[in-house]
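# Remarks on the overall topology
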Amino acid sequence: QVQLVESGGGLVQAGGSLRLSCAASGRSFSDYSMGWFRRAPGKEREFVAFITRSGGDTYYADSVKGRFTISRDNAKKTMYLEMNSLKPEDTAVYYCAERRQPGSDYRLEYGYSYWGQGTQVTVSS
């Protein structure tokens, strides 16, 4: 059974930075690609960033491109999301997820089988 636990959220002023972590249990962390999603108040959950199994390829939503960086450390079974130049519209609960359907569109939730409980990020103006 896989468990994903996010941490690192909090309250930050606009223009500030946060680093989220996603710690995974289980033996197969390096076998699967991973993603970050977020749900803002009153909105649907949306794709943020994606990273392949080795970490060699990454993809981002247009809204965060150039400001956020996704990475992973397979030895530590941990994925990260470095968030810089934060804006009030980045306020959301952030979720990490493990993708178990390799052929699925990485921007869509259905390809991800395991999810963390989420961590709140609040950006004040």
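Residues numbered from 1 in each chain as written. Predicted model: local features only at pLDDT ≥ 70, side-chain atom pairs only at ≥ 80, totals over all residues. Heavy atoms only, no water.

## Some remarks on the side chain of Ser 21
- Its place among the elements puts Ser 21 in strand S3 (residues 18–24).
- Assessed through its relative accessible area of 17%, Ser 21 is described here as buried. (Helix = DSSP H or I, 4+ residues; strand = E, 2+ residues; numbered from the N terminus. Buried < 20%, exposed > 50% of the residue type's maximum accessible area, 1.4 Å probe, protein only.)

## As for the pairing of strand S7 (residues 68–73)
- Side chains Phe 68, Ile 70 and Arg 72 of S7 all project onto a buried face; the interleaved residues Thr 69, Ser 71 and Asp 73 project onto a face where none is buried.
- Summarising the sheet, S7 and strand S8 (residues 78–83) pair through six bridges and their orientation is antiparallel. Across the sheet, Asp 73 pairs through a bridge with Thr 78, a residue of S8.
- From the end of S7 to the start of S8, which pair antiparallel, there are four residues, and Lys 77 there has a positive phi angle of about 55°. (Pairing = 2+ DSSP bridges.)

## Digging into the sheet that holds strand S1 (residues 4–7)
- Reading across the sheet, the four strands line up as S1-S3-S8-S7 and stay open at both edges, with antiparallel pairing between neighbours. Of all strands in the sheet, those with a lone pairing partner are S1 and S7, marking the two edges. Within this sheet the neighbouring strands show an average axis-to-axis angle of 15°, counted without direction.
- Pairing geometry for S3 and S8, over six bridges, is antiparallel. Within S8, the residue paired with Ala 23 across the bridge is Thr 78. (Axes fitted to C-alpha atoms, helices over the stretch in contact; angles between N-to-C directions.)

## Notes on the state of the cysteines
- Going through the model one piece at a time under the given rule, you end up with one disulfide.
- One disulfide bridge connects Cys 22 with Cys 96, the sulfur atoms lying 2.1 Å from each other. Measuring the twist about the S-S bond at about 65°, one finds the Cys 22-Cys 96 disulfide to be right-handed. With Cys 22 in strand S3 and Cys 96 in strand S9 (residues 92–99), this pair connects stretches of sequence that are 74 residues apart. An identical accessibility class is assigned to Cys 22 and Cys 96; each is buried. (Disulfide = S-S within 2.5 Å.)

## Digging into the side chain of Thr 78
- By secondary structure assignment, the location of Thr 78 is in strand S8.
- According to the relative accessible area criterion, Thr 78 is buried, its value standing at 10%.
- Of note is the side chain of Thr 78, whose polar atom sits 2.9 Å from the backbone oxygen of Lys 76. (Polar contact = N/O pair within 3.5 Å; in protein donor to acceptor, adjacent residues only side chain to side chain.)

## Quick word on the packing of aromatic side chains
- Summed over the entire model, instances satisfying the criterion amount to eight aromatic pairs.
- An aromatic cluster of at least three residues, connected via ring pairs, comprises Phe 37, Phe 47, Phe 50, Tyr 59, Tyr 106, Tyr 112 and Trp 115.
- The ring of Phe 29 carries the charged tip of Arg 72 above its face, separated from the ring centre by 4.5 Å.
- Above the plane of the ring of Tyr 32 lies Arg 100, whose end atom (NZ or CZ) is 3.8 Å from the centre. (Phe/Tyr/Trp six-rings, centres within 6.5 Å; stacked < 30°, edge-to-face > 60°. Lys NZ or Arg CZ within 6 Å of the ring centre and 35° of its normal.)

## A few points about the nonpolar core
- Among the nonpolar cores identified, the biggest contains 33 residues, and Trp 36, Met 79, Leu 81, Met 83 and Tyr 94 are the most heavily contacted of them.
- Going through the elements one at a time, S3, strand S4 (34–39), strand S5 (45–51), S7, S8, S9 and strand S11 (119–124) are the ones with two or more residues in this core.
- Residue contributions to this core peak at five residues, all from S5.
- In this structure, Met 83 is in contact with Gly 16, Ser 17, Leu 18, Leu 20, Arg 67, Phe 68, Tyr 94 and Val 121, ignoring residues within four places of it in sequence. (Core = buried A, V, L, I, M, F, W, Y, C linked by side-chain atoms within 4.5 Å. Contact = heavy atoms within 4.5 Å.)

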